[in-house]
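Here is how the chains run, residue by residue.
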Amino acid sequence: MAYEPGNNDYSDSEIDTRSVRSGQRRTLEGEHSEPIFTTSSYVFASAADAAARFSGEQPGNVYSRYTNPTVRTFEERIAALEGAEAAVATSSGMAAILTTCMAHLKSGDHVVCSKSVFGTTVALFNRYMQKFGVEISYVDLSDLNAWEQAMKSNTRLLFAETPSNPLCELVDIRALSAIAHKHQALLVIDNCFCTPALQLPFRFGADIVIHSATKYIDGQGRCVGGVALGSKALMEDLVVFLRTAGPTMSPFNAWVFLKGLETLRLRMNAHSSNALTLARFLEEQPLIKKVFYAGLESHPQHLLARQQQSAFGGVLSFRVKGGKDAAWRFIDATRIVSLTANLGDAKSTIVHPATTTHSRISQEERDAAGISDNLIRVSVGLEDVEDLKKDMLRGIAAL
Ligand SMILES: *Cc1c(COP(=O)(O)O)cnc(C)c1O
């Protein structure tokens, strides 16, 4: 296509086209790649123009806590991928969850949350939302009866992550959205593990989708960021909170993430394929007691995963024969996978949840959640899978 400033309509295009092109509006310079607008404020054509933009009569940029063209490109591109009307980019995944809570909860409201959500999400609910008078109940992610039982007349929001970390448990999003809507509550899905490349929660009735862009959207472990998506009406107050409180995404981070979206599907399919191969390999090893990965036929929710996701993602976990010492020996014997709690990176990572990501919760809570001392989590990266198998065999040999 010839150079055309401002052209940005890919609404009739397929998903792979949108992931590469949506959201870009070329400037008069005719740049091919998206520029990074490192500017805190914007100039106006006249005093009257400044007044009109401040009052909102005239659309346009005022200040980068409000809007920034690079951040907007990221927002429009991820909204096109998730099939959402609007996206609100934030400084981290946690800031996306906080912003959603600030916009949609008030004192006296009740939240029902899955027990197996990201640890800091639980800390945000327990330490801060409760402090401001929001009540929280926790239920087993896959137990739809428990969700229904937990609903109250003041339940405003249901919060779930599917698949869960680290045991790859799922919830039927369509069934959960029916429960939420029967009680006039909003269903919020943290779609961090699948990304829109593998799962589209809005198709199953979710109201708000959250991402930690830090994980697969970046995909190379460089930047921290987040995003919330939904209808324009539901996002409206998130925008106001962001402008008022300020946890906005930086233009540089937005640029890294929007470039990440261009390869998201390719990467997610490669992560999924490596993870499935590795999960099957681990399942055959006599010293591995159990492998948790929804792509395995042995996973109790394998069929649901096939209906709800186009592939099974890059994170798996497994129990080794023995206890904590055996798990630590396994981890210390690996030579390729990085020992770090991060996930969703091109580089594979390995971690011992009981003594790191889940060490702040009590032993009883860990037992209830299935985070045993012999459990190991691997975020499968993009290395050659034969090399990854060899690395797992090094771990097994140390058991
Ligand atoms: C990492 C993560 C978060 C928090 O995101 P940050 O970008 O680290 O703030 C939230 N949910 C899930 C599922 C995560 O993995």
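Residues numbered from 1 in each chain as written. Predicted model: local features only at pLDDT ≥ 70, side-chain atom pairs only at ≥ 80, totals over all residues. Heavy atoms only, no water.

1. Here we look at unusual backbone geometry
Cis geometry is adopted by the peptide bond preceding P163, which originates at T162 and carries an omega value of 0 degrees. Mapping P163 onto the fold places it in the loop between β4 (155–161) and α7 (173–182). In this chain, N165 is followed by P166 through a cis amide linkage whose omega measures 0 degrees. Along the polypeptide, P166 turns up in the loop between β4 and α7. At Q184, a residue that is not glycine, the phi angle is positive and equals roughly 55 degrees. Using a relative accessible area of 62% as the deciding quantity, one classes Q184 as exposed. We note that T195 has phi near 65 degrees; this positive angle belongs to a residue other than glycine. (Helix = DSSP H or I, 4+ residues; strand = E, 2+ residues; numbered from the N terminus. Buried < 20%, exposed > 50% of the residue type's maximum accessible area, 1.4 Å probe, protein only.)

2. Regarding the site of the ligand
Close contacts around the ligand come from S92, G93, M94, F118, E161, D190, C192, F193, S212, T214, K215 and G225, and that covers them all. Here an oxygen atom of the ligand sits 2.6 Å away from a polar atom, N or O, in the side chain of K215. For the ligand, whose free accessible area comes to 390 Å², the fraction covered by protein is 91%. Of the residues that constitute the shell around the ligand, the class distribution is four nonpolar, five polar and three charged. (Near = heavy atom within 4 Å. Polar contact = N/O pair within 3.5 Å; in protein donor to acceptor, adjacent residues only side chain to side chain. Areas by Shrake-Rupley, 256 points an atom, 1.4 Å probe, with all protein chains shown as cover. Nonpolar A, V, L, I, M, F, W, Y, C, P; charged D, E, K, R; others polar.)

3. Re the sheet that holds strand β3 (residues 135–139)
Read across the open sheet, the seven strands follow the order β1-β7-β6-β5-β4-β2-β3; overall the sheet is mixed. The open sheet is flanked by β1 (86–90) and β3, the only strands paired with a single partner. Going from strand to strand, the sheet's axes swing by 20 degrees on average, the running direction of each strand aside. With five bridges joining them, β4 and strand β5 (residues 186–190) adopt parallel strand pairing. Opposite L158, over in β5, you have L187 as the bridge partner. Against the sheet, helix α3 (residues 69–82) makes contact with β1, β6 (208–212) and β7 (226–230), and its axis sits at roughly 130 degrees relative to β1, the strand it touches most. Sitting on the sheet, helix α5 (residues 119–129) is in contact with β2 (110–114), β3 and β4, with an inclination near 150 degrees to β3. (Pairing = 2+ DSSP bridges. Axes fitted to C-alpha atoms, helices over the stretch in contact; angles between N-to-C directions. Contact = heavy atoms within 4.5 Å.)

4. Quick word on the sheet that holds strand β10 (residues 338–339)
Taken together, five strands build an open sheet; the order of strands is β8-β9-β12-β11-β10 and the sheet is mixed. Lying at the two open borders of the sheet, with one neighbouring strand each, are β8 (288–292) and β10. One ladder, built from three bridges, connects strand β11 (residues 349–351) with strand β12 (residues 375–379); its direction is antiparallel. The partner of I350 across the bridge, within β12, is V378. Contacts from helix α13 (residues 324–333) reach β8, β9 (315–320), β10, β11 and β12, with the element oriented near 130 degrees to β9.

5. A closer look at the nonpolar core
Within the largest apolar cluster, 51 residues are counted, with the highest numbers of intra-cluster contacts made by F74, I78, W147, L158, L187 and L229. Each of domain 1 (15–261) and domain 2 (265–397) contributes no fewer than three residues to this core. Apart from the residues lying within four places of it in its own chain, the contact partners of L229 are I78, A79, E82, A84, A86, A87, F202, D207, I208, V209, H211 and M235. Ranked by size, the runner-up nonpolar core spans 31 residues in total, among them L304, I350, V380 and I396. (Core = buried A, V, L, I, M, F, W, Y, C linked by side-chain atoms within 4.5 Å. Domains from an automatic or database assignment.)

6. Remarks on the domain arrangement of the protein
Under the domain assignment used here, the protein contains domain 1 (15–261) and domain 2 (265–397). Of the residues lining the interface, 29 residues belong to domain 1; the matching set on domain 2 comes to 37 residues. When residues of domain 1 are sorted by the area they lose upon contact with domain 2, L167, L198 and Y216 head the list and together hold 28% of the total. For the interface between domain 1 and domain 2, the tally reads one salt bridge. Its salt-bridge partner being D16, residue R265 comes within 2.9 Å of it at the nearest N-O pair. Along the contact surface separating domain 1 from domain 2 lie 14 residue pairs in polar contact (both at pLDDT 80 or more). At the level of elements, α1 (15–21) and α8 (195–198) are the ones that each hand at least two residues to the side of domain 1 that touches domain 2. Broken down by element, the residue count for the side of domain 1 that touches domain 2 peaks at three residues, all from α8. (Buried area = accessible area lost by both parts, 1.4 Å probe. Salt bridge = Lys/Arg side-chain N within 4 Å of Asp/Glu carboxyl O.)

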